[in-house]
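# Structure at a glance
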Amino acid sequence: LEGITVQEVMNKDLTHLIETDNLSSAVEFMSASGRHGLPVINAGGDLVGILTLADIRNAETEDHSTTTVGEICSRHLVTVFPGDTIGTALKRMSTRNIGRLPVVERDHPLHLLGLLRRGDVIRAYDAALAKRVSSKHRIQQVRLGILSGAEVHEILVHPGAACANKSIGDLTWPRNCVISSIRRGRTVLLPHGDTLIYPGDVLVVVTEANGFEEARCLCDCEN
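Residues numbered from 1 in each chain as written. Predicted model: local features only at pLDDT ≥ 70, side-chain atom pairs only at ≥ 80, totals over all residues. Heavy atoms only, no water.

Counting its secondary structure elements, the protein chain contains seven helices and 11 strands. Relative to its full complement of 223 residues, the protein chain shows a buried share of 40%. Of all intrachain contacts in the protein chain linking residues separated by at least 6 positions in sequence, the fraction that spans at least 24 positions is 62%. Surface exposure of the protein chain reaches about 12,600 Å², of which carbon and sulfur atoms provide 52%. (Helix = DSSP H or I, 4+ residues; strand = E, 2+ residues; numbered from the N terminus. Buried < 20%, exposed > 50% of the residue type's maximum accessible area, 1.4 Å probe, protein only. Contact = heavy atoms within 4.5 Å. Areas by Shrake-Rupley, 256 points an atom, 1.4 Å probe, with all protein chains shown as cover.)

This is the structure we're talking about:
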């Protein structure tokens, strides 16, 4: 996570509340939009706080029509900059046990650029793992090509392809063509004859030059 920055995964939707909005309209908007927390800005456009469902539950008022968002929103903000790493952001979330961080400009810390939510961090983690697996897989392909002297190709299996949902052993592959590995999401498989191939799989094919096109045809969509 130290290799991915906040700006790569943050939500750039600048939906917000104004501190003078009444709480009743804010609750209605958050309920309709499914938001659990929204940044709060003042009339000048500067970030002043964040309103969460917890703030609303803890509000010492029953009259939402006369209470303003600015009166109950959290103003002791923890923020991040776009260039901060996801690792840094996660530490700040964990320390304060909060589910979202406003993303602000480094040179203008009251200028809201977006919001980083826990879901964004989870997506970043998944992306980092997939990136790591993909990188290791490609290094292995290069080594394999050097050792074998053959061509090494990656082929994506499309939905509707001739090989989709079939086992490797049930298909007629080009001569001198070997499926050396299959990348499925974050997992790299060493295939056998009974290994099923699914749409979305990436096959690493070791073959002579004239066998690549035949192998690719098995993985493309059928006409």
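Don't stop here, the text continues.
This part covers the pairing of strand 4 (residues 100-104). Taken across its five residues, strand 4 has five buried, putting it largely inside the fold. Of the two faces of strand 4, the one lined by Arg100, Pro102 and Val104 and the one lined by Leu101 and Val103 are each fully buried. Sheet topology places strand 4 next to strand 5 (residues 112-117); five bridges connect them, and they run antiparallel. When the sheet's bridge partners are listed, Val103 is paired in strand 5 with Gly114. (Pairing = 2+ DSSP bridges.)

For the structure on display, the rule yields eight salt bridges. Among the salt bridges present, the one from Arg35 reaches Asp13, with a minimum N-O distance of 2.7 Å. Here Arg35 is found in the loop between helix 2 (23-33) and strand 2 (37-41), whereas its partner Asp13 is found in the loop between helix 1 (6-9) and strand 1 (17-18), with 22 residues between them in sequence. Residue Asp220 is joined to Arg216 by a salt bridge in which the shortest nitrogen-to-oxygen separation is 2.6 Å. Residue class for Asp220 comes out partly exposed when judged on its relative accessible area of 22%. (Salt bridge = Lys/Arg side-chain N within 4 Å of Asp/Glu carboxyl O.)

One finds Val157, Cys163, Trp173, Ile179, Ile197, Leu203 and Val205 to be the most contacted residues of the largest nonpolar core, which totals 19 residues. Among the secondary structure elements, those contributing two or more residues to this core are strand 8 (177-184), strand 11 (202-207) and helix 7 (212-219). No other element matches helix 7, which puts four residues into this core. Residues within four places of Val157 in sequence aside, it is in contact with Cys163, Ala164, Ile197, Tyr198, Pro199, Gly200, Asp201, Leu203 and Cys219. One finds Val9, Met93, Val121 and Ala124 within the second-largest nonpolar core, a separate group that totals 14 residues. (Core = buried A, V, L, I, M, F, W, Y, C linked by side-chain atoms within 4.5 Å.)

Taken over all residues, the pLDDT of the protein chain has a mean of 83, while the share at 70 or more is 86%. For the protein chain, the element scoring lowest by mean pLDDT is helix 6 (residues 118-148), at 67; strand 10 (residues 196-197) scores highest, at 94. (pLDDT = per-residue confidence, 0-100.)

Turning our attention to the environment of Gly44. With respect to the helices and strands, the residue Gly44 is situated in the loop between strand 2 and strand 3 (47-52). Under the relative-accessibility criterion, Gly44 is labelled exposed at 68%. In the structure, Gly44 is positioned 26 residues away from Ile18 in sequence and 10.0 Å away in space, judged by C-alpha atoms.

Spatial strand order, 1-2-3: three strands in an open sheet with mixed pairing. Each end of this open sheet is capped by a strand with a single partner; those strands are strand 1 and strand 3. Taken together, the two bridges between strand 1 and strand 2 define a ladder with parallel strand orientation. Looking at strand 2, one finds that Ile18 is bridged to Ile41. Across the sheet, helix 2 touches strand 1, strand 2 and strand 3, and the angle it forms with strand 3 is around 65°. (Axes fitted to C-alpha atoms, helices over the stretch in contact; angles between N-to-C directions.)

Turning to helix 2, a few remarks are in order. For helix 2, the set of buried residues is Leu23, Ala26 and Met30. Projected down its long axis, helix 2 shows its buried positions confined to an angular sector of 60°, all on one face. Counted as exposed and oriented over 90 degrees from the buried face of helix 2: Glu28, Ser31 and Ala32. In this structure, the buried residues of helix 2 make contact with strand 1, strand 2, strand 3, helix 3 (53-58) and helix 4 (69-72). Two or three places before Ser24, at the opening of helix 2, Asn22 has a side-chain oxygen 3.1 Å from that residue's backbone nitrogen. Backbone geometry just downstream of helix 2 places Gly34 in the positive-phi region, at approximately 75°. (Arc of directions from axis to C-beta. Polar contact = N/O pair within 3.5 Å; in protein donor to acceptor, adjacent residues only side chain to side chain.)

Sheet strands pair via backbone hydrogen bonds, and the direction of the pair is either parallel or antiparallel. Taken in spatial order, the four strands line up as 6-11-8-9 in an open sheet, and their pairing is antiparallel. The open sheet terminates on both sides in strands that have one partner only, identified here as strand 6 (151-156) and strand 9 (187-189). Taking each pair of neighbouring strands and ignoring which way they run, the sheet shows an average axis angle of 25°. Inspection of the sheet shows strand 6 paired to strand 11 by six bridges, in the antiparallel sense. Bridging across to strand 11, Glu151 finds its partner in Thr207.

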